[in-house]
Amino acid sequence: MTNLTSNPNTEELRAIALKHHLPPFTDHKQLAAEGGPRIITNADGCYLWDANGRRYLDGMAGLWCVNVGYGRKEIAEAAYKQMLELPYYNSFFKTATPPSVDLAKKVADLLPGHLNQIHFVGSGSEANDTIARLVRHYYNLIGKPQKKTFISRHNAYHGSTMASASFGGMAGMHAQGDLPLPGFVHVAQPYWYGEGGDLSPEEFGIKAAKSVEDKILELGADKVAAFIGEPVQGAGGVIIPPDTYWPEINRICKEHDILLIADEVICGFGRTGEWFGQQTLGINADIVPMAKGLSSGYLPVGAVAVSDDISKTLKDEGGEFAHGMTYSGHPVACAAALENLNIIERENLVGRVRDDTAAYFNQALASLNDLPLVGETRSLGLLGAIELVKDKATRTKFDPVGKVGGICRDKSFDAGLVMRACGDIMVLSPPLIITREQIDELVLLVREAVDKTMREIAA
Ligand code: PXG
């Protein structure tokens, strides 16, 4: 662990944090043993600085979200201007604000043609919670009240609230809070490296998709509302499905009359080299939750897009949809998001990922394959993964899972790189502005971290 003891003010902050701050996804006992959190104080472009002035290359764009990089004055100015003009007003009861209307149009214009109606929320979790209610409401309206069960995948991440964690397939999360809620079931993930066995990736893609169809047949299609999937699973370890997977899912959903929800919270807004992961992977989505890259994390905002078919039913037959949060369509968050999307367009960040940095990043990661610990590297757009394994030849993982990944994450912080560990899969999701030179720097730091991890586990 990097030692943060040199700045007395930092030490005070860390002590106060331990005393008063209950942070998310943290082992509190372990945090206390390490003296408190690492305090991050400022950032610019692809770099972060901690309270002691140490610089880190942010290989995770915050939490997969700061697509345009840090330090964008235009976004701060857009938010400031909006705060002076109208810091808050809601979208309830037949009102709206200019930024929320403008952002709805902008997002609809970016999405495929049949997705034109946008409902705003504050986060990806809220987006998925909203979808659970909206879809069940929809099926009641069209006279199919039995069609209520959601199918998702093991090791999926769709958020932390009761419904979104139920959509998710994280066993550790289900164990806390008695989840999943009734009506949420899970099937195989399309994770060839970890679960494909002797099948080719193509064969395994079909097999994983078939597990959705098997579940539909088991439950009865008249009981199944929707299938939800991240185009590429992010928090599950950047699981890039085989090419055969999504076309088969499209077919299955269509054939059995099941709605398809493509969770674009990570994959949206340029991450995969198109505006949306569904475009990169050819997914025919009916409903699309979004967040993160929508505002590059500058302010909290999420959204749900629904197809014209669904929105027509909701509007024509639905009466009042009794759902919404105080901050749904918050004008300042929407103004920041609009400016963020302007930057992505102005700087052609989507094209830059697609035509240049995606391939460069892929090759740079592949250069790590000579390391004995590296079983596989994979990437799509600027989403990357490095599998740390016990035995490359047999794709055998370490036991217990997560220990080696945890060491590697700490070593990468020590080296000056933020890289996340999903179990023993090291994942990367840098800002879309990252340059080739910075990708070279990133991969050198990854090599250093993996090297040091190897030496520590050998010792
Ligand atoms: N869907 C997906 C695909 C996500 O990745 C959410 C929904 C929920 O979004 P909110 O805004 O409610 O967090 C996410 C969030 C991690 C990590 O460590 C990943 C997420 C959030 C926090 C941590 O990988 N993804």
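Residues numbered from 1 in each chain as written. Predicted model: local features only at pLDDT ≥ 70, side-chain atom pairs only at ≥ 80, totals over all residues. Heavy atoms only, no water.

A.B. asks: Where do I start with the packing of helix 15 (residues 349-366) against helix 17 (residues 436-458) in this structure?
C.D. replies: Packed helix pairs are characterised by how far apart their axes lie and by the angle those axes make with each other. It is at 10 Å that the axes of helix 15 and helix 17 come closest, and there the two elements cross at 20°. Between helix 15 and helix 17, the crossing angle belongs to the class labelled roughly parallel. Crossing hand, helix 15 versus helix 17: right-handed. Here Asp356, Thr357, Tyr360, Phe361, Ala364 and Leu365 of helix 15 come into contact with helix 17, specifically with Arg436, Ile439, Asp440, Leu442 and Val443. Looking at side-chain class alone, the contact of helix 15 with helix 17 contains seven nonpolar, one polar and three charged residues. (Axes fitted to C-alpha atoms, helices over the stretch in contact; angles between N-to-C directions. Helix = DSSP H or I, 4+ residues; strand = E, 2+ residues; numbered from the N terminus. Parallel < 35°, antiparallel > 145°, perpendicular 65-115°, else oblique. Left-handed = near helix turned anticlockwise from the far one by under 90°. Contact = heavy atoms within 4.5 Å. Nonpolar A, V, L, I, M, F, W, Y, C, P; charged D, E, K, R; others polar.)

A.B. asks: Any chance you could explain unusual backbone geometry here in plain terms?
C.D. replies: Between Leu179 and the following residue, Pro180, the backbone shows a cis peptide bond with an omega angle of 0°. Within the fold, Pro180 resides in the loop between helix 8 (171-175) and strand 6 (184-187). Here Asp399 and Pro400 are connected by a cis peptide whose omega angle stands at 0°. Inspection of the secondary structure puts Pro400 in the loop between strand 12 (383-388) and helix 16 (403-415). Even without glycine at this site, Ala61 takes up a positive phi of about 45°. Relative to the helices and strands, Ala61 is located in helix 3 (residues 61-64).

A.B. asks: Help me understand the pattern of salt bridges in this model?
C.D. replies: If charged atoms from side chains of opposite charge come close, those side chains can pair. Going through the model one piece at a time under the given rule, you end up with 26 salt bridges. Residue Lys223 is joined to Asp222 by a salt bridge in which the shortest nitrogen-to-oxygen separation is 3.6 Å. Take Asp222: its relative accessible area is 47%, and that puts it in the partly exposed class. Each member of the salt-bridge network shares a partner with another, and the members are Arg72, Glu74, Glu339, Arg346 and Glu347. (Salt bridge = Lys/Arg side-chain N within 4 Å of Asp/Glu carboxyl O. Buried < 20%, exposed > 50% of the residue type's maximum accessible area, 1.4 Å probe, protein only.)

A.B. asks: Got a minute to help me understand the site of the ligand in this structure?
C.D. replies: Every one of the 16 residues lining the ligand counts as a neighbour, but Trp64, Gly124, Ser125, Asp263 and Arg420 are closest to it. Trp64 is positioned such that a nitrogen or oxygen atom in its side chain is 2.9 Å from an oxygen atom of the ligand. Between a nitrogen atom of the ligand and a side-chain N or O atom of Lys292, the distance comes to 3.2 Å. Relative to its free-state accessible area of 540 Å², the ligand is covered by the protein chains to the extent of 85%. (Near = heavy atom within 4 Å. Polar contact = N/O pair within 3.5 Å; in protein donor to acceptor, adjacent residues only side chain to side chain. Areas by Shrake-Rupley, 256 points an atom, 1.4 Å probe, with all protein chains shown as cover.)

A.B. asks: Please explain the packing of aromatic side chains as it appears in this structure.
C.D. replies: The geometry of an aromatic ring pair comes down to the distance between the two centres and the angle between the two planes. In the structure shown here, the tally under the stated rule is 13 aromatic pairs. With a centroid separation of 6.1 Å and an interplanar angle of 90°, the aromatic rings of Tyr88 and Tyr327 are classed as edge-to-face. In this pair, Tyr88 sits in the loop between helix 4 (73-85) and helix 5 (98-110) while Tyr327 sits in the loop between helix 13 (308-317) and helix 14 (331-346), placing the two residues 239 residues apart along the sequence. We classify Tyr88 as partly exposed; its relative accessible area is 28%. (Phe/Tyr/Trp six-rings, centres within 6.5 Å; stacked < 30°, edge-to-face > 60°.)

A.B. asks: Any chance you could explain the sheet that holds strand 12 here in plain terms?
C.D. replies: Backbone hydrogen bonds hold the strands of a sheet together, and the pairing may be parallel or antiparallel. Judged by pairing direction, the sheet is antiparallel, and its four strands sit side by side in the order 11-12-15-14 without closing on themselves. Where the open sheet ends on each side, the last strands, each with one partner, are strand 11 (374-380) and strand 14 (420-422). The sheet shows a mean angle of 25° between the axes of neighbouring strands, taken without regard to direction. Note that strand 11 and strand 12 share six bridges and pair antiparallel. Bridge pairing in strand 12 links Leu380 to Leu383. Of the strands in this sheet, strand 11, strand 12 and strand 15 (425-428) are in contact with helix 15, which crosses strand 11 at around 175°. (Pairing = 2+ DSSP bridges.)

A.B. asks: Would you explain the domain arrangement of the chain in this entry?
C.D. replies: Put simply, an interface is often sized by how much accessible area is lost when its parts join up. Examined at the domain level, the chain breaks down into domain 1 (10-68 + 349-458) and domain 2 (74-346). A separation of 26 Å is found between the C-alpha centroids of domain 1 and domain 2. Taken together, the contact between domain 1 and domain 2 spans 35 residues of the former and 38 residues of the latter. Here domain 1 meets domain 2 over a buried area of about 2,800 Å², counting both sides, of which 62% is carbon and sulfur. The interface formed by domain 1 and domain 2 contains one salt bridge. The salt bridge involving Glu274 is made with Arg354; its shortest N-O contact spans 3.8 Å. Joining domain 1 to domain 2, the criterion identifies 16 residue pairs in polar contact (both at pLDDT 80 or more). When contributions to the side of domain 1 that touches domain 2 are tallied by element, the ones reaching two or more residues are helix 3, helix 15, strand 11, strand 12, strand 14 and strand 15. Top contributing element to the side of domain 1 that touches domain 2 by residue count: strand 11, with five residues. (Domains from an automatic or database assignment. Buried area = accessible area lost by both parts, 1.4 Å probe.)

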